[in-house]
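Chain by chain, the residues:
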Amino acid sequence: MYRYDEFDEAFVRERVAQFAWQVKRRLDGSLTDDEFKPLRLKNGVYLQLHAYMLRIAIPYGTLSSRQLRQLALIGEKYDRGYGHFTTRQNLQFNWPKLRDIPEILGLLADVEMHAIQTSGNCIRNVTADQFAGVAADEIEDPRPVAELIRQWSTLHPEFDYLPRKFKIAVTGAPQDRAAIAAHDIGIGVVKNDAGAVGYRILVGGGLGRTPMIGKVVRDFLPKADLLAYLEAILRVYNLEGRRDNKYKARVKILVHEIGIDEFRARVEAEFAKLDGPTINADPEEVARIAAYFAPPAYEKLPPVSRAYEAMKAANPAFAAWAEINTFPHRQPGYAAVTISLKGIGEAPGDATSDQMCAVADLADQYSFSEIRVTHAQNLVLPNVKQADLFALWQKLGAAGIAEANVGLITDIISCPGLDYCALATARSIPIAQDLAKRFADLDQQRNIGPLNIKISGCINACGHHHVGHIGILGLEKRGAESYQITLGGDATENAAIGEIIGPGITAEEVPDAIERLVSVYLAERQAGETFIEAVRRLGLAPFKAAFTKEAADVAA
Amino acid sequence: MSAQKKTPLPAILLANALLDGDVVFRTASGWSRDPREALVAEDEATANRLLDEARAAFARNEVVDADLVDITRDEAGVPVPNHFRERFKVKGPSHRPDLGKQAEFGVR
Ligand code: HEM
Ligand code: SF4
C-alpha cells in the first residue's frame, strides 16, 4: 500500500490544525455560517437531517487493517458504533458532533487518512476496481495510476474551483468493476495491437438528474502522457463548463452539448499546446509509487488447494459462499474474498465498529493486512489462501458477515435516503431491507443469478439507480413516498442507462413489483442467460406488461 | 432559513444545533432537544415571533437550518409534522428505532 511521505504527512496535519481553528472561529462567531460552510465542505463535513456527517476518503477503496481499526474506534468513540460504506468507496459517519470533528480528523491523520476533497467542486476521491492488483483478468494493476492521479489532483491549484464536482475512476481489467462509464473521466488500461499498454479514456459519464454514459475521447493514450492529457481535459472543462446553472455544470453536459468530436478536438488542441514533460510524472516518481504496490510475499501454491476442495465437498453452505463470494486470483492457490455488507434485513453498506475490527483482524490473519471497499458497498480481503477460506468463512459467520449473496438479487446498493440525507425525497434503506427479506431464500437467489438492484432516495442518484439492472428511485408524489422503477441499466463495460417501465408505486408495492419482473425473466430465460442478458434480448415490453398489470391490479 | 414561503399553521420551529448538529425545537423559553416541548404557533403573530427568534438564534451562532414546520397534534397532544420528511427529522432513522429522538423521547 502507498505510505505518506513527509510532505503528505505535514500537509494533512496542517489541514487538521487549520480546520480546528476554523471550527473554533465558527463557534465563537468570528465566522458566519456562509463563510464556514465552504470550509467544512472542503473537509468532508455535511449537515444532514439529524446530525452532521463526515465523509472520509478511502483512496481507490484500499485500506490497511490499521486504518480500518481506527475507523472502528472513531465510530465507537465519536459516533453511534457504525459507519456507512458508499458507492464512492468512502466511509460516512452519520452522527459526529462538530466540536469533535477536529479530533476525529487528527485520529485519521494518525493513520494517513483524511476527508479532503470528499465534497465540493473539485476532483474527488479516485475510485478503482476493488480487485486491483489481484484479479486474474487484469492487464495491469490500476492502483499506481490511481495513486498518481490522487497526488496530482490533491490541491491542484487550477482545479480547486471547477464548475462542479469531478469524479475519476480507473480499471485495469477489461471487465469493468469500477463503473468507469458513469464517471466524469473513466480510465481503462488497454493493450494496443503492438502489445503496448496504455489507457482508453472516457469522458462525460455521470448519473444525477441527467444520466450519461461516458464516451471515448482517446482510444489509446501512451501511459507516460496521462497527467498532461487529464490536464487538457480538465482545462477545456474548466474554461467552458457552465457555472451559471449547477444542473448543467458537469462535464457530461458540455460533452453532450458540443458533441464528443468537438470536445475531443479541443482537448487534443490543448494537449498539443501543453508542455507535457513539465506536467507528466517523472518516471522515477512513477517507479517510486509503483513500488508501494508490489505484490505481497505470496507462497508458491498449487492452483487448486485439495483441502479447500474437500471442505467444499463436505459443507454445502461453505461451498455456496465460496462459489459466490470469491473471485479468481492471479496468484495460484489464492482467492479474493468479498465480504458482503448486505446481511438480509440490514442497511446496505453499514458496518458496526465490531464488524470493522473483526474484518481488520481477519485481514491481518489471512490477507496481508489489506482490505478493499467496493463500489457495491461491500468489503474485500484481496489475498486469501484457498486453504484458509474455510476458517475465514467460519469467523465471518461469527461476526455476522458471511452472507453468500455477492452479485445476487439481495446484494442491493442503496444510498442513505431520507433516513439520513437532507436532500432526499424518499427513503431507500427500508426498500432495500424489504426486498432482501422477500428474496432471502439462497437457493432462489442462486436460481435467479446475477442481478443488481440499485436504489437512490432522490434524483441525485448516489445509489446508482440509473445503472442498476433494476433501478429504484424514491420520489415524492402528492405528499407521499413514491418509487419509480427502471430496467436495463448496466454499470459494466456494457454500460447502459435503465428505462422507466411504468408509473410510480408505493413502498409496499415494491417487493411484489420486483418479483413480477423476476418472474418474467424466470419464465422467458434461455439456458445460461442472465437477467440483464434476457432484458436486452426480450426488450422492455414483457416486463412493462407484467409491471403495468400489477400497477393496474393495485389500482383496481 | 426559508421564511419566504408561508407555512400553514399550526407550526413549530425546528433547527439543527450548531455545536453538535442535533435537531432542536424552539420552546417558550429557548431550545429543547425534546420535540414534546416545542412551542406550537397557532396564530400568525406567534409564528412571526418564532421566525424572529430563529433569525436571532442563527445570528448568535446557536442553530443552523432553522425552519417553521406545519404540524398536527397527535392524541397525546405532541406536535407531529405534516410532511413525512420532517417527521423523519423529528424521529430519527426509520430503520434504526434505537437511534435518534424516537429512542430518546419515545416519539412516534
Ligand atoms: C449528505 C449526503 C449526500 C449529499 C448531500 C449528496 C449530494 C449529491 C449530489 C447533489 C449529487 C448530484 C450531482 C450532480 O448531478 O451533479 C450526487 C451524486 C452522487 N453521489 Fe451523492 N450525496 C450524498 C451522499 C452520497 C452517498 C452516501 C453516496 C454513496 C453511497 C454518494 C455518491 C454519489 C454518486 C455515486 C453520485 C452520482 C454520480 C455522479 O456524480 O454523477 N453520495 N450526490
Ligand atoms: S441520492 Fe439523494 S437521497 Fe440518496 S444520498 Fe444522494 S442526495 Fe441523498
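Definitions and limits used
Residues numbered from 1 in each chain as written. Chains lettered and ligands numbered in written order. Predicted model: local features only at pLDDT ≥ 70, side-chain atom pairs only at ≥ 80, totals over all residues. Heavy atoms only, no water. Salt bridge = Lys/Arg side-chain N within 4 Å of Asp/Glu carboxyl O. Helix = DSSP H or I, 4+ residues; strand = E, 2+ residues; numbered from the N terminus. Buried < 20%, exposed > 50% of the residue type's maximum accessible area, 1.4 Å probe, protein only. Phe/Tyr/Trp six-rings, centres within 6.5 Å; stacked < 30°, edge-to-face > 60°. Domains from an automatic or database assignment. Contact = heavy atoms within 4.5 Å. Polar contact = N/O pair within 3.5 Å; in protein donor to acceptor, adjacent residues only side chain to side chain. Nonpolar A, V, L, I, M, F, W, Y, C, P; charged D, E, K, R; others polar. Near = heavy atom within 4 Å. Axes fitted to C-alpha atoms, helices over the stretch in contact; angles between N-to-C directions. Parallel < 35°, antiparallel > 145°, perpendicular 65-115°, else oblique. Left-handed = near helix turned anticlockwise from the far one by under 90°. Pairing = 2+ DSSP bridges.

Here's the deal with the pattern of salt bridges
Residue and element names in this part refer to chain A.
- In this structure the tally under the stated criterion is 49 salt bridges over all chains.
- A salt bridge links Arg 266 to Glu 262, with the nearest nitrogen and oxygen atoms 2.7 Å apart. Of this pair, Arg 266 and Glu 262 both sit in helix 8 (residues 260-273), four residues apart, roughly one helical turn.
- Owing to a relative accessible area of 26%, Arg 266 belongs among the partly exposed residues under this scheme.
- Classification of Glu 262 by relative accessible area gives partly exposed; the value is 34%.
- Among the ionic pairs, Lys 273 bridges to Glu 270, the shortest N-O distance being 3.9 Å. With Lys 273 and Glu 270 both in helix 8 and three residues apart, this pair spans about one turn of that helix.

Quick notes on the packing of aromatic side chains
All names here are of chain A.
- Following the criterion strictly, the structure yields 17 aromatic pairs over all chains and no others.
- Here Phe 131 and Phe 327 contribute two aromatic rings whose centre-to-centre distance is 4.3 Å and whose plane-to-plane angle is 10 degrees, an arrangement assigned as stacked. With Phe 131 in the loop between strand 6 (127-128) and helix 5 (143-153) and Phe 327 in strand 11 (residues 326-328), the pair connects residues that are 196 residues apart, well separated along the chain.
- Its relative accessible area of 4% is what places Phe 131 among the buried residues.
- With a centroid separation of 6.2 Å and an interplanar angle of 25 degrees, the aromatic rings of Phe 318 and Trp 321 are classed as stacked. In this pair, Phe 318 and Trp 321 are both assigned in helix 12 (residues 316-325), three residues apart and thus about one turn of the helix distant.
- What makes Phe 318 buried here is its relative accessible area of 0%.
- The exposure class of Trp 321 is buried, given its relative accessible area of 1%.
- Ring-pair connections join several aromatic residues into one group, and the members of that group are Tyr 308, Phe 318, Trp 321, Phe 390 and Trp 393.

Some details on the domain arrangement of chain A
Residues and elements named next belong to chain A.
- Considered domain by domain, chain A is made up of domain 1 (6-110), domain 2 (142-291), domain 3 (306-398) and domain 4 (413-555).
- In this structure, domain 2 and domain 4 have C-alpha centres spaced 31 Å apart.
- Counting from both sides, the interface comprises 11 residues of domain 2 and, opposite them, 12 residues of domain 4.
- In this assembly, domain 2 and domain 4 are joined by three residue pairs in polar contact (both at pLDDT 80 or more).
- Of the residues in the side of domain 2 that touches domain 4, the class split is seven nonpolar, two polar and two charged.

Observations regarding the site of ligand 1
Residue and element names in this part refer to chain A.
- Near ligand 1 lie 21 residues; those nearest to it are Thr 87, Lys 167, Leu 207, Arg 250 and Cys 462.
- In this structure, an oxygen atom belonging to ligand 1 sits 2.6 Å away from a side-chain N or O atom of Lys 167.
- Note that an oxygen atom of ligand 1 is positioned 2.8 Å from one of the backbone N or O atoms of Leu 207.
- Looking at the shell around ligand 1 residue by residue, the class counts come to seven nonpolar, eight polar and six charged.

So, the packing of helix 3 (residues 65-78) of chain A against helix 13 (residues 353-366) of chain A
Residue and element names in this part refer to chain A.
- Contact geometry for helix 3 and helix 13: axes closest at 8 Å, N-to-C directions at 165 degrees. In this view, helix 3 runs roughly antiparallel relative to helix 13, as classed from their interaxial angle. Seen along the crossing, helix 3 lies across helix 13 with a hand that is left-handed. Across the interface between the two elements, Ser 65, Leu 68, Arg 69, Leu 71, Ala 72, Gly 75 and Glu 76 of helix 3 pack against Ser 353, Asp 354, Met 356, Cys 357, Val 359, Ala 360, Asp 361, Ala 363 and Asp 364 of helix 13.

Comments concerning the site of ligand 2
- Ligand 2 sits among Cys 415, Pro 416, Gly 417, Cys 421, Leu 423, Ala 424, Ser 456, Gly 457, Cys 458, Asn 460, Ala 461 and Cys 462 of chain A.
- The residue inventory of the shell around ligand 2, partitioned by class, reads eight nonpolar, four polar and no charged.

Concerning the sheet that holds strand 4 (residues 82-85) of chain A
Residue and element names in this part refer to chain A.
- With antiparallel pairing, the five strands of this open sheet are ordered in space as 1-2-5-4-13. Two strands in the sheet have a free side with no partner beyond their single neighbour: strand 1 (45-47) and strand 13 (350-352). When strand polarity is set aside, the average angle formed by the axes of neighbouring strands in this sheet is 30 degrees.
- One ladder, built from three bridges, connects strand 2 (residues 52-56) with strand 5 (residues 91-93); its direction is antiparallel. The partner of Ile 56 across the bridge, within strand 5, is Leu 91.

Some remarks on the sheet that holds strand 10 (residues 215-222) of chain A
Residue and element names in this part refer to chain A.
- Read from one edge of the open sheet, five strands run 6-7-8-9-10, paired in mixed fashion. Lying at the two open borders of the sheet, with one neighbouring strand each, are strand 6 and strand 10.
- Strand direction decides the pairing type here: strand 9 (residues 197-203) and strand 10, joined by five bridges, are antiparallel. Across the sheet, residue Leu 202 finds its bridge partner in strand 10, namely Val 216.
- Across the sheet, helix 6 (residues 226-240) is in contact with strand 8 (185-191), strand 9 and strand 10; its angle to strand 10 comes to roughly 155 degrees.

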